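# Observations on the model geometry
Each chain is listed here by its residues.
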Amino acid sequence: MIRRIWNSIPGRFAIGFGMVLVLMMVFFLISFNQMMAVNAAAQKITPLGNQIYSLNNFAVQTMLLETSFDRYLVIGGVMDRDAMMEAMKNLERSLMQAQFEDPFKADMMSELGNLRDALEKIASISDDRLSRSRSINEGAITVYGHLNRIKSATRDLVRQTNENLNTMTLLQQSTINRVVSQFVVLTAALVLILLGSLWWISANFVRPLTLLSHAVAAFAGGDLTARADVFRQDEIGRLAQIFNHMTEQIQEQVTHLQQQAEDLAAAEEEQRNLNLELEERVARRTAQLQAANQDLEAFSYSVSHDLRAPLRSIGGFNRILLEDYSEKMDDRGQEYLHRVDKNVARMEQLIEGLLTLSRLTRAEMEMKKVNLSALVEECAAEAGSADPVRKVDWLIQPELNVNGDERLLRAAVQNLVDNAFKFTAKAAAARIEFGLLTVDEAEGRWKQGSPVYFIRDNGAGFDMAYAGRLFQVFQRMHTQDEFQGIGIGLATVKRIINRHGGKIWAEGQPGQGATFYFTLN
Amino acid sequence: MLIPWALQASGGTAAATPSPASIYQGKKIAWVDSYAPDYDWSQELEAGLASVLNPTGVEWQIFRLDMKRNPSEEYAVKKAAETAEKINAYAPDVIIATDDNAQQWLIVPYFATGTVPVVFASVNWDDSEYHFEPEHVTGMVEVHLVPQLMGQLDVLSQGSRVGIVAVDDITEQKNIEYYNRYFDRQLQIFWVEEKTQAEYQRLFLQAQAQTDVVLIGSNAGIGDWDEAAARAFFIQSTEKPTGSFLQWMAPYALITLAKSGQEEGSWAAETALRILQGTSVQEIPVTRNRTGRLWINLDIAEKLKVVFSPYVLKHAEVIDREAP
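Notes on the structure in this doc start here. All values reported here derive from a predicted model rather than from experimental measurement.

### Description of the sheet that holds strand E2 (residues 392-396) of chain A
All names here are of chain A. A sheet is described by the order of its strands in space; here five strands give the open sequence E2-E4-E5-E7-E6, paired in mixed fashion. Two strands lie at the open edges of the sheet, namely E2 and strand E6 (504-509), each paired on one side alone. Neighbour to neighbour, the strand axes of the sheet diverge by 10° on average, direction disregarded. The pairing of E2 with strand E4 (residues 430-436) spans five bridges and is parallel. Counted as the bridge partner of Trp 394 is Ile 432 from E4.

### A word on the interface of chain A and chain B
Between chain A and chain B, the residue contacts involve 16 residues of the former and 13 residues of the latter. At the level of elements, helix H2 (9-74) and helix H5 (133-220) of chain A are the ones that each hand at least two residues to the side of chain A that touches chain B. Per-element tally for the side of chain A that touches chain B: the top contributor is H5(A), with 10 residues. Tallied by class, the residues present in the side of chain A that touches chain B amount to seven nonpolar, five polar and four charged.

### Regarding the nonpolar core
Counting residues in hydrophobic clusters, the biggest one holds 72 residues, and the most contacted among them are Ala140(A), Val143(A), Val165(B) and Ile296(B). If one sorts the elements of this core by residue count, H5(A) sits on top with eight residues. Ile296(B) has contacts with Ile255(B), Ala301(B), Phe308(B), Val312(B), Ala316(B), Val318(B) and Ile319(B), leaving out every residue within four places of it along the chain. One finds Leu53(B), Phe120(B), Val137(B) and Ala269(B) within the second-largest nonpolar core, a separate group that totals 41 residues.

### Section: helix H8 (residues 372-386) of chain A
For H8(A), spanning 15 residues, the distance from its first C-alpha to its last is 21 Å, which sits close to the expected 21 Å at 1.5 Å a residue. Contact partners of the buried residues in H8(A): strand E1 (367-371), E2, strand E3 (401-405), helix H9 (406-423), E4 and strand E5 (453-457) of chain A.

### Focus: the packing of helix H2 (residues 73-90) of chain B against helix H3 (residues 99-111) of chain B
All names here are of chain B. Between H2 and H3, the shortest axis-to-axis distance is 10 Å and the interhelical angle comes to 55°. Here H2 lies oblique to H3, going by the angle between them. Considering the relative orientation of H2 and H3, their crossing is right-handed. Packed against H2, whose contacting residues are Ala 76, Val 77, Ala 80, Thr 83 and Ala 84, the element H3 presents Asn 101, Trp 105, Leu 106, Pro 109 and Tyr 110 at the interface. For the contact of H2 with H3, the per-class residue count stands at eight nonpolar, two polar and no charged.

### Section: the pairing of strand E8 (residues 213-216) of chain B
Residues and elements named next belong to chain B. On E8, burial covers both faces: Val 213 and Leu 215 on one face and Val 214 and Ile 216 on the other are all buried. The sheet contact formed by strand E6 (residues 162-167) and E8 spans four bridges and is parallel. Bridge pairing in E8 places Val 165 opposite Ile 216. Note: E8 against strand E9 (residues 242-244), two bridges, orientation parallel. Considered in E9, the bridge of Val 214 is made with Thr 242. Assessed by its sense of winding, the connection that carries the chain from E8 through helix H7 (residues 227-237) to E9 is right-handed.

Definitions and limits used
- Residues numbered from 1 in each chain as written.
- Chains lettered and ligands numbered in written order.
- Predicted model: local features only at pLDDT ≥ 70, side-chain atom pairs only at ≥ 80, totals over all residues.
- Pairing = 2+ DSSP bridges.
- Helix = DSSP H or I, 4+ residues; strand = E, 2+ residues; numbered from the N terminus.
- Axes fitted to C-alpha atoms, helices over the stretch in contact; angles between N-to-C directions.
- Contact = placed C-beta atoms within 7 Å.
- Nonpolar A, V, L, I, M, F, W, Y, C, P; charged D, E, K, R; others polar.
- Core = buried A, V, L, I, M, F, W, Y, C linked by C-beta atoms within 7 Å.
- Buried ≥ 20, exposed ≤ 12 C-beta atoms within 10 Å, placed from the backbone.
- Expected span 1.5 Å × (residues − 1).
- Parallel < 35°, antiparallel > 145°, perpendicular 65-115°, else oblique.
- Left-handed = near helix turned anticlockwise from the far one by under 90°.
- Right-handed = clockwise from strand over helix to strand, strands pointing away.

Below, the structure written as structure tokens:
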């Protein structure tokens, strides 16, 4: 039990505090006893001091009476006589008031009685003093004899009282010296105990805590090998053990992490090398691709451009045949010529589309602020003027401004608006919308946070299964008979949107209309 | 009726500081008394010595010369030699010698130039005749307290003339020589040549008629001196203030101020102790007595209708008809 208490810091402090408390109690009791001893000595001294005071007062009154008597003896006046007798009364009063003990008091009472008689006897000699000189001399000698005995007895008692006082003072001094000595010894003992306690606290608490704090500081400073060399059974020892265990674990984990970090760094280095290699490959492929595209575009342009001349020649000769030689052909021949003319015209459209697509791809971009809503309105007006019979409900969100090349954006909007106008031709109540998706609407459709614009119609729509082909060149969802077109418009739109760093996609259902969404970077 | 208070005429003797007995351990003092134990003066000296020496525990021994009863020179020489031998055998650290006989017959021939320090006392008026060396000898010369006595008598007298009546012998001649220094040689001397009481009384009446204050000198050598008759004469005949320096003449004088053997004895003892404590003899100058014993004669005072001053009444010893 005691060992268990001793092995805990509160237990040690409780034992130490108890010991100090006991010592303080002992110190207090001894000090109290000493104070009582000093007080007892003082109690004995006080009456002696009072007696000396009374004796001094008595001696003073005796001296005053003697002086009065001297004066009366020399002068002999009535006033001096009265003063002398008053001094006598004062002397008697001082004796009565003092706390003197017998035999002094009894002797003095007797002496004062005789003194008063002698004084009264001399005071009664009022006439012819010189003729009664013997009586005066004898009376004066008697008076002085009494006064001398009073003074002598007073001196003796003062001397004796002083001796007693000195004895008591020495006793008190001795007591005080003893008290002081004991106090010094007790104080020294307390100081030693205090110093011992400080040493004990230092050795048992401060030093191990210092070692522990140094170890913690060293560990916090990066020395993972720092350990607290504290080997105790109390809380500090346990704290040190926990600290040491914790630091060992942390050291292991840090070592492991360092190993992982090294591995990761190696992997990152390898990844970086791979990326560099990949980037080089991509760049190389991109360059190859760009070269191929440029070649392809050049080829496409050249083919388109070079095909236009013979195609126009074919169309011209075909029209000459129709105009000048149709009478020489039967109906079948004429029909074939019409078919040739029709396909030539279509082929011209195709070539023109390809040239347009090629030009848009190659043209230099001039970026500026563009009012996209205004472009849509202008394109809608153009479409409406081309077929004034149709009624279309246009819903155009105003003041949607973007940064881009106005010429290219106009071409893109033109294609999208024409597309919507075209595919709502069979709708009972055509309605075409242009606007910007709200954040909620954009949620799930586009993740990059850019504004998403849309053009929605309630026209023929399309099957989402073919959505991937919508923006490919010459890909059509409907026959030429249903809706005219050459299949280049949406490819052109996509090419323009892509050149603006954006993305375009479409949603729709057959007969339910279609919506084209696009973003611009 | 006696009042045991000594008159402190002027100044006082320094009280000896009580010293621990260990200081005087093994120390010895020899006191050479010129007279005998039954002589009043010797008793006063002894009392003074004992009052100082006994409390210290120092060892001291008395050597008596008894020369009052044996005044011859032959006795003096022989007694001094014997005493010197005894003193040497005693081997004291300090010798105290009192009165002139001890100086003349013992100290001068045997110890004045020796290694043992000597303290003298009760040497009348002057010690120069002994030629003491200050390195070895110091002491107290004995003088009569003339100014102190005359201070009391002047208050009572009606004039300034002072006369003295004294037996014509060497001692009184020496005394009067020194008195006259105080009176600036104006003292009127009435020598008693025939050494009879009648002549003494006649000269007293003559002195009283010619002076304002009369000093009562020694009656030594007057063979027919009748104390009772003399006392009656002086009570009846005294008309003017009278004084004396001689204790045995106090019954015939109004005021007597006599030397104190106790003062001289205690001073000699204190001086011896100082020497034992290490003070060199040379550092202690020769001094003189300063206190005396005061007597007043109430019978003569009644005759003269004198009321004494409070100071005198407080300190005087009284002589009246009932006194011995």
